[in-house]
Amino acid sequence: MATRNECEGCADMTCASSKLVLEQDIAKDVRTAYDRIEARGMAACLFGSSGTCCRNCNMGPCQIIDGVEDMVGVCGATADTVAARNFARTVAAGASAHGDHAREMVKGFIETAKGNTPHEIKDVEKLHSLAQVFDVEVEGRDKNEIALELGEIALSQFGSQTDEPLIMLKRAPEKRQKVWKELGVEPRGVDREVVEVMHRTHMGVDQEYKNITLQSSRCSLADGWGSSMLSTELTDIMFGTPVPRRAQVDLGVLKEDMVNVTVHGHEPLLAESLCLAAQDEEMIALAKKQGAKGINLAGVCCTGNEILMRRGIPVAAGYIQQEMALATGAIEAMVVDVQCIMQSVGEITRNMHTDIITTNYRAKMPYGVHIPFEEHDALGSAKAILTKAIMNYKKRGKCFIPKDSKLDVMVGFSHETINYMLGGRFRKSYRPLNDNIMNGRIRGVGAIVGCDNFKVTDEAHIIIAKELIKNNILVVATGCAATALGRVGLCTPEAAKYCGDSLREVCETVGMPPVLHMGSCVDNSRILIALTAMVQEGGLGDDITDLPAIGTAPSWMSEKAVAIGHYFVSSGAQVVFQDLATTGSKAFHKYLTENMMEEYGAVWNVAKEPIDIAKKMIEAIESKREALGINKQGERVLMDMEMRRDLGGGGLTDVGCHGAE
Ligand code: NFS
């Protein structure tokens, strides 16, 4: 475990910027999570970390020891029941975070369609394709009319009381839909599945761990294929589907001579409105009047990833760096909405010129200043927030920005972009990706997602990514994991030098990074769509479970990560986590890590060391390749632009890697 002084995980380069900041005099009174971990000086509770502490009624709390007769709950609940209930509640908490976020996005989408926000419907092509999924007529209709009908149906998916499955489920491979139907885990309403988890895990209701976990699956699928997917798709339609662009990440993106405003949290509606307000002449003039050259907006955590993907606005910090960003003394305001905001940020800024501006009624904090973000007056709210920040600029004292700590990243790899990137501008298709996997140039796809966590080495993401690309596995990344990979330059085409020969050749030919930044955590739904597109393209089996693809969240900390992990497993994609709070229950833990395979074709895997996580991922990908029989096919020749031109085919970007026997 890293401490502030040793920060062993950062010894190489990961957290170099954080280390630099913490070494400065101005940061000496800033207490970070590293300090708190060191000061606590006690190990985590064994019952809590193995999932067998039950607090669901007032006869306890009960600490259960599996296999010890008298160490069941006062009500008789066994370790398996308790651990399965706790796991289900974690999934429900994660799913509810995504669900509540998505609902706000859908409401903002509806208001935009009505013309009540400063935003507009930007991606009409995507609007039309989603309208098709929802059976909304597009012919002869205005984009706002279509969007309004689509938005209202989308909103009804949250509170649906019918037993009909969520509409978006039909986007999954047919075979997967059948699996869900047979198991009875098709989610009905986004909110309903969370409520049902809470009910079934209440004292004295569901007492059979497998049955409880069916509801965990249903709830997680309501997240992945329901709320998260809705949020991603409608956000794309409203703010534009990401396309590849260059940007920068790390603390060095803060600017000494500008008003630094960091946007921290998850809701793109706030961040996008701040982006608009920061370009406003009146705001810029106010900043200049205070002696600054302008306003520098930078992201923190997933809201950062949202504006990075769509606007190329830099990301100053991932989850693990939020305190260090403040310790620079260079931030006038950290604007927060919901999720992943450490309570310590308020305490850190108590004696600083920085304001923590809370904007959402759901999330206030001690020492924060509350300026509500009003959807119907988005620009007005954003300007009020920025004004507060700008007026702090003159109060800024000594600051330290690690100026060299900023790395280039190439971002914007939506599922549509991957289509074009490998398939060509004129013939968007997953065929070239599938072909490259079939001919073995790309062995498979590894997703590295989720948080940073002080419990594990900061380098976990990097160790895994480097091992995967060295073994010719294409990496897709989201969330703070993507920021961590960006911080060390792995999200650039130049990182192809770390790849094995054949992946390097693909990356160099196409000009893409070996680690594709796909966005925020909600955007993991893009990965579900990409996996489905690979299945539908043909040649790699007929369900997600057949694909040589696997995911990991090696430094997970948020409950959202467990919801995500479970919707991947329930969708047929395996995941590897560094730990799971289920080890205190033999049968339930075995069910998650072994027996789910029979039902879903995928399981949870656990491996502590990052290198072991990578090895498990490689192993899983190779065994899928064996099962598909694609390792037996002969080597194909990768066609570069020159060869393609010689054959007289293809546009400039049409440099897919079709096999040429
Ligand atoms: Ni994801 Fe966002 Fe980061 Fe983890 Fe938190 S920001 S949604 S939960 S810490 S990746």
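Quick caveat, the model's predicted, so the values are computed rather than measured.

Colleague: Teacher, can you tell me more about the overall build of the chain here?
Modeller: If you tally the helices and strands in the chain, you get 25 helices and 16 strands. At 24 Å, the chain has a C-alpha radius of gyration in line with the 26 Å of a compact globule built from 661 residues. Along the three orthogonal principal directions, the C-alpha set of the chain runs to about 80 × 65 × 55 Å. Expressed as a percentage of the 661 residues in the chain, the buried residues total 63%. Here the contacts in the chain between residues at least 6 apart in sequence split such that 75% fall between residues at least 24 apart. In the structure as shown, the chain presents an accessible area of about 24400 Å², 51% of it carried by carbon and sulfur atoms. Taken as two groups, the 71 positive and 88 negative side-chain charges of the chain have centres that lie 3 Å from each other.

Colleague: Would you explain the confidence of the model for the chain in this entry?
Modeller: Low pLDDT means the predicted atomic positions in that stretch should not be read closely. For the chain, per-residue confidence averages 92 on the pLDDT scale, and residues scoring 70 or more make up 93% of the total. Across residues 647-661 the pLDDT falls below 50, and counting only partners more than four positions away or on other chains, this stretch makes 39 contacts in the model.

Colleague: For this particular structure, what's the right way to read the site of the ligand?
Modeller: Near the ligand lie 13 residues; those nearest to it are His266, Cys340, Cys451, Cys480 and Cys521. The pocket occupied by the ligand, as judged from atoms lying within 2 Å of grid points, is the largest cavity. Those elements that provide at least two residues to the shell around the ligand are helix H12 (301-311) and helix H19 (479-487).

Colleague: When you look at empty space enclosed by the protein in this model, what are you seeing that I'm missing?
Modeller: Taking a probe equal in size to a water molecule and rolling it over the atoms shows the remaining empty space. Enumeration according to the criterion identifies 7 cavities of 30 Å³ or more in this entry. Lining the largest cavity are 16 residues, with Gly450, Cys451, Cys521, Ser558 and Lys560 sitting closest to its centre. Mapped onto the lining of the largest cavity, the elements with two or more residues apiece are H12 and helix H22 (559-570). Residue contributions to the lining of the largest cavity peak at 3 residues, all from H22.

Colleague: Is there a simple way to explain the coordination of the nickel atom of the ligand in this structure?
Modeller: Each donor-metal-donor angle would ideally measure 109.5 degrees in four-coordinate tetrahedral geometry, or 90 or 180 degrees in six-coordinate octahedral geometry. Within the protein, just one atom coordinates the nickel atom of the ligand: Cys521 (SG), at a distance of 2.3 Å. Of note is the nickel atom of the ligand, whose 4 donor atoms meet at the metal with angles of 91 to 147 degrees in an arrangement that counts as irregular. Examined against the element boundaries, cysteine 521 turns out to sit in the loop between strand S13 (515-519) and helix H21 (524-537).

Colleague: Just to check I follow, could you spell out the state of the cysteines for this structure?
Modeller: Here a disulfide denotes a covalent bond joining the sulfur atom of one cysteine to the sulfur atom of another. One pass over the structure, following the stated rule, counts 0 disulfides. Not engaged in a disulfide, the cysteine cysteine 45 finds its nearest cysteine sulfur in cysteine 53; these two sulfurs lie 6.0 Å apart. With no disulfide of its own, cysteine 219 lies 17 Å from the sulfur of cysteine 521, the closest cysteine sulfur.

Colleague: I keep staring at the pattern of salt bridges and nothing clicks. Help me out?
Modeller: Should their charged atoms come close, side chains of opposite charge can pair. Following the criterion strictly, the structure yields 44 salt bridges and no others. Here aspartate 100 and arginine 362 are joined by a salt bridge, their closest N and O atoms 2.9 Å apart. Of the two residues, aspartate 100 is situated in helix H4 (residues 79-113) and arginine 362 in the loop between strand S8 (355-358) and strand S9 (369-370); the sequence distance between them amounts to 262 residues. A relative accessible area of 25% places aspartate 100 in the partly exposed class. Taking the relative accessible area as the measure of exposure, arginine 362 reaches 30% and is therefore partly exposed.

Colleague: So what exactly am I meant to see when it comes to the pairing of strand S11 (residues 444-448) here?
Modeller: Strand residues, when the strand is regular, have side chains that alternate between the two faces of the sheet. Counting buried positions along S11 gives 5 out of 5 residues, so the element sits mostly inside the fold. With 5 bridges connecting them, S11 and strand S12 (residues 473-478) associate as parallel partners. Bridging from a neighbouring strand, alanine 447 pairs with valine 476 of S12. After leaving S11, the chain enters helix H18 (residues 460-470) and then returns to the sheet as S12, a path that is right-handed. Examined bridge by bridge, S11 and strand S14 (residues 549-553) share 4 bridges and lie parallel to one another. Bridge pairing in S14 links isoleucine 448 to threonine 552.

Colleague: Honestly, a nonpolar patch on the surface in this entry has me stumped. Any pointers?
Modeller: Together, Met59, Val74 and Met203 give the surface a local cluster of nonpolar side chains, amounting to about 270 Å² of exposed area. Considering the arrangement of structural elements, one finds methionine 59 in the loop between strand S1 (53-54) and strand S2 (62-63).

Colleague: Hey, could you run me through the packing of aromatic side chains in this one?
Modeller: A ring pair, where both rings are aromatic, is described by two values, the distance of the centres and the angle of the planes. Taken as a whole and assessed by the stated rule, the structure comprises 9 aromatic pairs. Aromatic pair tyrosine 34 and phenylalanine 454: ring centres 4.9 Å apart, planes at 85 degrees, arrangement edge-to-face. Residue tyrosine 34 is located in helix H2 (residues 33-40), and its partner phenylalanine 454 is located in the loop between S11 and H18; the two are separated by 420 residues in the primary sequence. Each member of the pair, tyrosine 34 as well as phenylalanine 454, carries the same accessibility label: buried. For the pair phenylalanine 577 and tryptophan 604, a centre-to-centre distance of 4.8 Å together with 75 degrees between the ring planes defines the contact as edge-to-face. Of this pair, phenylalanine 577 sits in strand S15 (residues 574-577) while tryptophan 604 sits in strand S16 (residues 604-606), placing them 27 residues apart in sequence. The exposure class of phenylalanine 577 is buried, given its relative accessible area of 2%. By the ring-pair criterion, three or more aromatic residues cluster together here, those being Phe87, Tyr209, Trp556, Phe577, Phe588, Tyr591 and Trp604.

The rules we used
- Residues numbered from 1 in each chain as written.
- Predicted model: local features only at pLDDT ≥ 70, side-chain atom pairs only at ≥ 80, totals over all residues.
- Heavy atoms only, no water.
- Helix = DSSP H or I, 4+ residues; strand = E, 2+ residues; numbered from the N terminus.
- Rg over C-alpha atoms; globule rule 2.2 N^0.38 Å.
- Buried < 20%, exposed > 50% of the residue type's maximum accessible area, 1.4 Å probe, protein only.
- Contact = heavy atoms within 4.5 Å.
- Areas by Shrake-Rupley, 256 points an atom, 1.4 Å probe, with all protein chains shown as cover.
- Lys, Arg positive; Asp, Glu negative; His and termini not counted.
- Charge placed at Lys NZ, Arg CZ, Asp CG, Glu CD.
- pLDDT = per-residue confidence, 0-100.
- Near = heavy atom within 4 Å.
- 1 Å grid on protein atoms, 1.4 Å probe; cavity = no way out; pocket = protein on both sides within 12 Å on 5 of 7 lines; lining within 4 Å.
- Sits in = over half its atoms within 2 Å of the grid points.
- Points joined across faces, edges and corners; volume = space filled by probe spheres on them.
- Donors = N, O, S within 2.8 Å, 3.2 Å for Na, K, Ca; no water.
- Tetrahedral: all angles 85-135°; square planar, octahedral: opposite > 155°, others 65-115°.
- Disulfide = S-S within 2.5 Å.
- Salt bridge = Lys/Arg side-chain N within 4 Å of Asp/Glu carboxyl O.
- Pairing = 2+ DSSP bridges.
- Right-handed = clockwise from strand over helix to strand, strands pointing away.
- Patch = residues over 30% accessible without salt bridge, like charges linked within 9 Å, V, L, I, M, F, W, Y side chains within 5 Å.
- Phe/Tyr/Trp six-rings, centres within 6.5 Å; stacked < 30°, edge-to-face > 60°.

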